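# Structural characterization, general
Listed below, chain by chain, are the residues.
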Amino acid sequence: MNNETLASEQFQLINTDTNLLAFKVGQFSCDTFSDLQRLPYYTILWVKEGKGVLKTEFSEKEIKKGQALFFTPYQPFQLIEEESLKGEYFNFHSDFYCIYQYDKEIGCNGVLFNTIYGQNLIQLNEQSQQTFENIFSLVKDEMQHSNISQHHMLTTQLKMLLIYAVRIKAEQNDIDVKGVKEQKEPAVLQKLKDLIEEHYKDKHAPTEYAELLHITPKNLGKLTKSYFDKTPTELISERIVVEAKRDLYLTDNPIKVIAYELGFNDEYHFSKYFKKHTGVSPQGFRDNVGFNALARV
């Protein structure tokens, strides 16, 4: 891998075998992510100053100083500045660090990344921000030198940050900003999540889940919007896309097989569905993100 130094204190590693970005650390300002982003790698943003609005495929939310945000490959997002938005970020390719491979020891998948039913952000206090500052500084220092075992050192520092973020997320899932326990989800939504997990491959319509829950589609939509800020259709489609990404990344199964296993009648409709939610075709995703891309070049 080659080290490159960019402007504004940005450093990156390029995989010389695939010519793809492997790892990058840098600073961002109001215009860095002002256009819609569909990046082919994992992204961690740490907001150090100001505030703004985060626009994703399904929602908009306020972001502010001290928050860290987490995005999967080709997950669309856009930052709109309201007040001097600045911070730092990591990008890393799946071949550089595989969150699926280390999920058992770190547990960030579904907590920080692929957060279908929750938020993909955490709020840092002063102590946590200092920890982030230390890790970012260590990474930038390491990136300036092609030392022995650099990859191992960088992945170790990245894992430290992810573990720390998972711990913060776990604490914030228990207690809200006022120190009061959050209102528990209604039993019907707990059941909905179980049903989506059981049937997302064979039931794609919200009406099918409403029928299983003995509730009207309208009332189900009100509940999911209130607790998850998403419609039932959005929850179902996110679960399908998460699984599709996993299959495209981890397996060499033909796309038509993946389409069939996810409940699509043909490859064309699956490809159209996948591109609608990611901005890239299944084959494009596999070529740019798939595990061990080197084996295909």
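Residues numbered from 1 in each chain as written. Predicted model: local features only at pLDDT ≥ 70, side-chain atom pairs only at ≥ 80, totals over all residues. Heavy atoms only, no water.

Moving on: helix H5 (residues 206-213). Three or more residues of H5 are buried, namely Tyr209, Ala210 and Leu213. For H5, the arc enclosing every buried residue in end-on projection is 100 degrees, short of the 170-degree limit, so these residues lie on one face. The secondary structure elements touched by the buried residues of H5 are helix H4 (187-199), helix H6 (217-228) and helix H7 (232-250). After H5 finishes, the residue His214 shows a positive phi value of roughly 60 degrees. (Buried < 20%, exposed > 50% of the residue type's maximum accessible area, 1.4 Å probe, protein only. Helix = DSSP H or I, 4+ residues; strand = E, 2+ residues; numbered from the N terminus. Arc of directions from axis to C-beta. Contact = heavy atoms within 4.5 Å.)

What follows covers the pairing of strand E7 (residues 77-92). Where strand E3 (residues 20-28) and E7 come together, six bridges link them in antiparallel fashion. Pairing of Gly26 across the sheet is with Tyr89, part of E7. Of the strand pairs in this sheet, strand E4 (residues 42-56) and E7 are connected by 13 bridges, and their pairing is antiparallel. Bridging from a neighbouring strand, Lys51 pairs with Glu83 of E7. (Pairing = 2+ DSSP bridges.)

The full count for this structure, using the stated rule, is 21 aromatic pairs. Both rings, one in Phe23 and one in Phe90, keep their centres 5.5 Å apart while their planes meet at 40 degrees; by these two values the pair is tilted. Here the residue Phe23 occupies a position in strand E3, and Phe90 occupies one in strand E7, the gap between them amounting to 67 residues. In this structure Phe23 comes out as buried when scored by relative accessible area, which is 0%. With a centroid separation of 5.7 Å and an interplanar angle of 80 degrees, the aromatic rings of Phe274 and Phe285 are classed as edge-to-face. Within this pair, whereas Phe274 is found in helix H9 (residues 267-278), its partner Phe285 is found in helix H10 (residues 282-289), the two being separated by eleven residues in sequence. You can call Phe285 buried: its relative accessible area is 2%. In this arrangement the basic side chain of Lys193 is found over the ring face of Tyr117, its NZ or CZ atom lying 5.3 Å from the centre. (Phe/Tyr/Trp six-rings, centres within 6.5 Å; stacked < 30°, edge-to-face > 60°. Lys NZ or Arg CZ within 6 Å of the ring centre and 35° of its normal.)

What follows is about the confidence of the model for the protein. When pLDDT is low, close inspection of the predicted coordinates is not appropriate. Here the protein averages 88 in pLDDT, and 92% of its residues register 70 or above. The model gives residues 175-182 a pLDDT under 50, and that stretch makes six contacts with residues more than four places away or in other chains. Taken as a whole, residues 293-297 scores under 50 in pLDDT and shows eleven contacts with residues more than four places along the chain or in a different chain. (pLDDT = per-residue confidence, 0-100.)

Here we come to the side chain of Thr115. Mapping Thr115 onto the fold places it in the loop between helix H1 (103-106) and strand E8 (121-123). With residues up to four places along the chain from it excluded, the contact list for Thr115 reads Gly110, Asn120, Lys169, Lys230 and Glu238.

Judged by nonpolar contacts, the single largest core of 65 residues is most densely connected at Phe23, Phe92, Phe113 and Leu162. Sequence-distant contacts of Phe92, defined by excluding residues within four places in its chain, comprise Ala22, Phe23, Tyr41, Tyr42, Ile44, Tyr97, Ile99, Phe113 and Leu158. Ranked by size, the runner-up nonpolar core spans 17 residues in total, among them Phe33, Leu39, Val47 and Leu79. (Core = buried A, V, L, I, M, F, W, Y, C linked by side-chain atoms within 4.5 Å.)

Of note in the backbone geometry, Asn19 takes a positive phi value of approximately 65 degrees without being a glycine. Summarising the element assignment, Asn19 is placed in the loop between strand E2 (10-15) and E3. Look at Asn19 and you get exposed, because its relative accessible area is 63%. Here the phi dihedral of Asn114 falls at roughly 55 degrees; this positive angle occurs in a residue that is not glycine. Within the secondary structure, Asn114 is located in the loop between H1 and E8.

What follows concerns the pattern of salt bridges. Summed over all chains, the structure comprises eight salt bridges. The partner of Glu60 in a salt bridge is Lys55, with the nearest N and O atoms 3.9 Å apart. Using a relative accessible area of 29% as the deciding quantity, one classes Lys55 as partly exposed. Ionic contacts of the salt-bridge type, sharing partners, join the residues Lys48, Glu88, Glu133 and Lys140 into one network. (Salt bridge = Lys/Arg side-chain N within 4 Å of Asp/Glu carboxyl O.)

Another point: H7. Spanning 19 residues, H7 covers 27 Å between terminal C-alpha atoms, matching the ideal 27 Å at 1.5 Å per step. Of all 19 residues in H7, 16 are buried, a share of seventy percent or more. (Expected span 1.5 Å × (residues − 1).)

Below, the discussion takes up the environment of Phe285. Along the sequence, Phe285 and Tyr74 sit 211 residues apart, while their C-alpha atoms lie 8.0 Å from each other. Not counting chain neighbours up to four residues away, the residues in contact with Phe285 comprise Pro73, Tyr74, Lys245, Leu248, Phe274, Val280 and Gly290.

This part takes up the side chain of Thr278. For Thr278, the position within the fold is in helix H9. Judged by relative accessible area, Thr278 falls into the buried class, the value being 0%. A polar side-chain atom of Thr278 sits 2.8 Å from the main-chain carbonyl oxygen of Phe274. Leaving out residues up to four positions away in the same chain, Thr278 has contacts with Arg38, Tyr74, Val241 and Lys245. (Polar contact = N/O pair within 3.5 Å; in protein donor to acceptor, adjacent residues only side chain to side chain.)

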